[in-house]
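Working through the structure, step by step
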Amino acid sequence: MLLLIVDFQRSGGLRELLNAMIENIIVREPSDYEIFRIIDDNLAIASINAKTSNPILRIVEEKDVLIVLDGEIYSGSIKELLQIFLGLRTLPYGLFNACIFDRQRRRLFIISDPYGTKKIIYSFTNGKFILASRLRAFTADPTFPRMIDFQSLVEFLAYGYILGDKTIFTNVKCLDPGTVLAIDLRRGMFTVHGTTNYELNLKVSLKPLENVIDELNSLLRYHVNEQIKDLEKIGLFLSGGIDSRLLLAAIDKDLLDRVYAFTYCYHEDCPDRVIAEEIASELDMNWKLYKINPDALRNHWKKAVTVTDGMIVLHHTHGLYNIYEEISTTIRPDAVLMGYAGEILHG
């Protein structure tokens, strides 16, 4: 997770505010996280990541340039983000947000990935620019006005999510996918720029359906296996849905013995269990069923609201936190393929 504060009015208390925001964001003990902080004059930056057995390089310093990565880059390394800083205007592929701080010129660049899968939100209020990965970070600032956007509230109740760049607060916006937000710390200005490497080509060349299917199949297989080929234990959420089965079909056969699939359901006869067990039996693969107690939603709704900022309809959370805690201590996979649409696109 990423936090950033720019106090243009230099009102003081920057370190205290940053620590309060971190405390609002984390949902476990502080010792469970790797927390990086930097305070530089009127700027504060924090990177908060859960401790894992396979840490990802997220902090790079080169001369007067600091790069902080939130997420993962699939098409290369964190240093590719310097291309943005150098003006090449291209984004690498991945699930990430990033911050580039040019100490010498006192300029910041906030970068969102091309698909916007990792939400990043920002606000400019009372002389402070605040950017965060979680909405609840803003409420740590006692001067932050908690004004509800009623259009957003209506959309959330009607559709289960909020449209466009809005959030539940009127003065907090989402940064668009594939966007660079530039902040000039000396002049007290910020600008938002779209990137140019994902322009649509309106002159689409039509291909036979068979060719399109073959090309999509090749791309999917390549990107899935590129992400898991070096892992010893590959977790896979396997349901009766098309997403997880598509991911399983894309995995190379010689990697299947490393796959540990799991399914969760409320009762023995649910379709997810029936389909997943049949697939696991056919492929002779590792598979485990996790039963969800019907009381899980009632027992864990407060935690669900905290973790999701209240922005996910509760019946979609169904007590998964206990399941994943059990998986992390029993199976202990190096990574888990979820198969939720966005993950398919990225492998």
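All figures in this text were calculated on a predicted structure; none of them were measured in a lab.

Scoring rules and cut-offs
Residues numbered from 1 in each chain as written. Predicted model: local features only at pLDDT ≥ 70, side-chain atom pairs only at ≥ 80, totals over all residues. Heavy atoms only, no water. Axes fitted to C-alpha atoms, helices over the stretch in contact; angles between N-to-C directions. Helix = DSSP H or I, 4+ residues; strand = E, 2+ residues; numbered from the N terminus. Parallel < 35°, antiparallel > 145°, perpendicular 65-115°, else oblique. Contact = heavy atoms within 4.5 Å. Nonpolar A, V, L, I, M, F, W, Y, C, P; charged D, E, K, R; others polar. Patch = residues over 30% accessible without salt bridge, like charges linked within 9 Å, V, L, I, M, F, W, Y side chains within 5 Å. Areas by Shrake-Rupley, 256 points an atom, 1.4 Å probe, with all protein chains shown as cover. Salt bridge = Lys/Arg side-chain N within 4 Å of Asp/Glu carboxyl O. Buried < 20%, exposed > 50% of the residue type's maximum accessible area, 1.4 Å probe, protein only. Pairing = 2+ DSSP bridges. Right-handed = clockwise from strand over helix to strand, strands pointing away. Core = buried A, V, L, I, M, F, W, Y, C linked by side-chain atoms within 4.5 Å. Disulfide = S-S within 2.5 Å.

Turning to the packing of helix α4 (residues 209-228) against helix α5 (residues 242-250), a few remarks are in order. Contact geometry for α4 and α5: axes closest at 9 Å, N-to-C directions at 80°. The orientation of α4 with respect to α5, classified from their angle, is roughly perpendicular. Judged by residue contacts, Leu220, Arg221, Val224 and Asn225 of α4 engage Leu246, Leu247, Ala249 and Ala250 from α5. When the residues that make up the contact of α4 with α5 are grouped by side-chain class, the tally is six nonpolar, one polar and one charged.

This part is about a nonpolar patch on the surface. Taken together, the side chains of Ile148, Phe150, Leu153 and Leu157 present a nonpolar region at the surface, about 410 Å² in accessible area. Relative to the helices and strands, Leu153 resides in helix α3 (residues 150-159).

A few words now on the pattern of salt bridges. Side chains that differ in sign of charge can pair as their charged atoms come close. Counted under the stated rule, the structure contains ten salt bridges. Of the charged contacts, one joins Asp41 and Arg106 as a salt bridge, the two residues approaching to 3.9 Å between their closest N and O atoms. Taken as a pair, Asp41 in the loop between β2 (33-40) and β3 (43-50) and Arg106 in the loop between β6 (94-102) and β7 (107-112) lie far apart in primary sequence, 65 residues in all. Given the relative accessible area of 12%, Arg106 is considered buried. The partner of Asp141 in a salt bridge is Lys128, and the shortest N-O contact between them spans 3.7 Å. Of the two residues, Asp141 sits in the loop between β9 (128-132) and α3 while Lys128 sits in strand β9, which places them 13 residues apart along the sequence. Considered together, Asp141 and Lys128 belong to a single accessibility category, that of buried residues.

Ordered by their spatial adjacency, six strands build an open sheet running β2-β3-β1-β9-β8-β10, and the pairing between neighbours is antiparallel. If you trace the sheet from one side to the other, it starts and ends with β2 and β10 (173-174), each paired once. In this structure, β2 lies alongside β3, joined through eight bridges in antiparallel fashion. Among the inter-strand pairings, Phe36 is bridged to a residue of β3, identified as Ser47. Each of β1 (2-7), β2, β3 and β9 is contacted by helix α1 (residues 14-25), which is oriented at about 155° to β1, the strand it contacts most.

Counting buried residues in strand β14 (residues 259-265) gives six out of seven residues, a clear majority hidden from the surface. Summarising the sheet, strand β13 (residues 234-237) and β14 pair through four bridges and their orientation is parallel. Bridge pairing in β14 links Gly235 to Tyr260. The sheet contact formed by β14 and strand β15 (residues 286-291) spans six bridges and is parallel. Residue pairing for β15: Thr263 is matched across the bridge by Leu289. Chirality of the crossover, the property in question, places the unit of β14, helix α6 (residues 271-283) and β15 among those that are right-handed.

Counting 29 residues, the largest nonpolar core has Leu3, Ile5, Met21, Ile48 and Phe138 as the members making the most contacts within it. Of all the secondary-structure elements, those providing two or more residues to this core are β1, α1, β3 and β9. Among residues more than four places away in sequence, those in contact with Met21 are Leu3, Ile5, Ile130, Ala137 and Ala140. Core analysis: the next-biggest nonpolar cluster, separate from the first, contains 21 residues, Leu4, Ile45, Ile120 and Leu181 among them.

Glancing now at the pairing of strand β8 (residues 121-125). Judged by how many residues are buried, β8 sits mostly within the fold: four of five residues are covered. Here β8 pairs with β9 via five bridges, running antiparallel. Residue pairing in the sheet places Thr125 in a bridge with Lys128 of β9. Between the end of β8 and the start of β9, which pair antiparallel, lie two residues, with Asn126 showing a positive phi angle near 55°.

On to the sheet that holds β14, then. Read across the sheet, four strands follow the order β15-β14-β13-β16 without closing on themselves; strand pairing throughout is parallel. The strands lining the two open edges of the sheet, one partner per strand, are β15 and β16 (335-337). Each strand axis lies, on average, 25° off the axis of its neighbour in the sheet, ignoring direction. Relative to β16, β13 runs parallel, the two being bridged by three bridges.

Overall, the coordinates contain zero disulfides when judged by the stated rule. Between Cys265, a cysteine without a disulfide, and Cys270, which holds the nearest cysteine sulfur, the sulfur-to-sulfur distance is 3.1 Å.

Within the fold, Ile331 resides in the loop between α8 (320-330) and β16. For the pair Ile331 and Lys288, spaced 43 residues apart in the sequence, the C-alpha separation amounts to 9.8 Å. In this structure Ile331 touches Lys233, Tyr260, Tyr290 and Glu326, once residues within four positions along its chain are discounted.

Keep in mind these values describe shape, not function.
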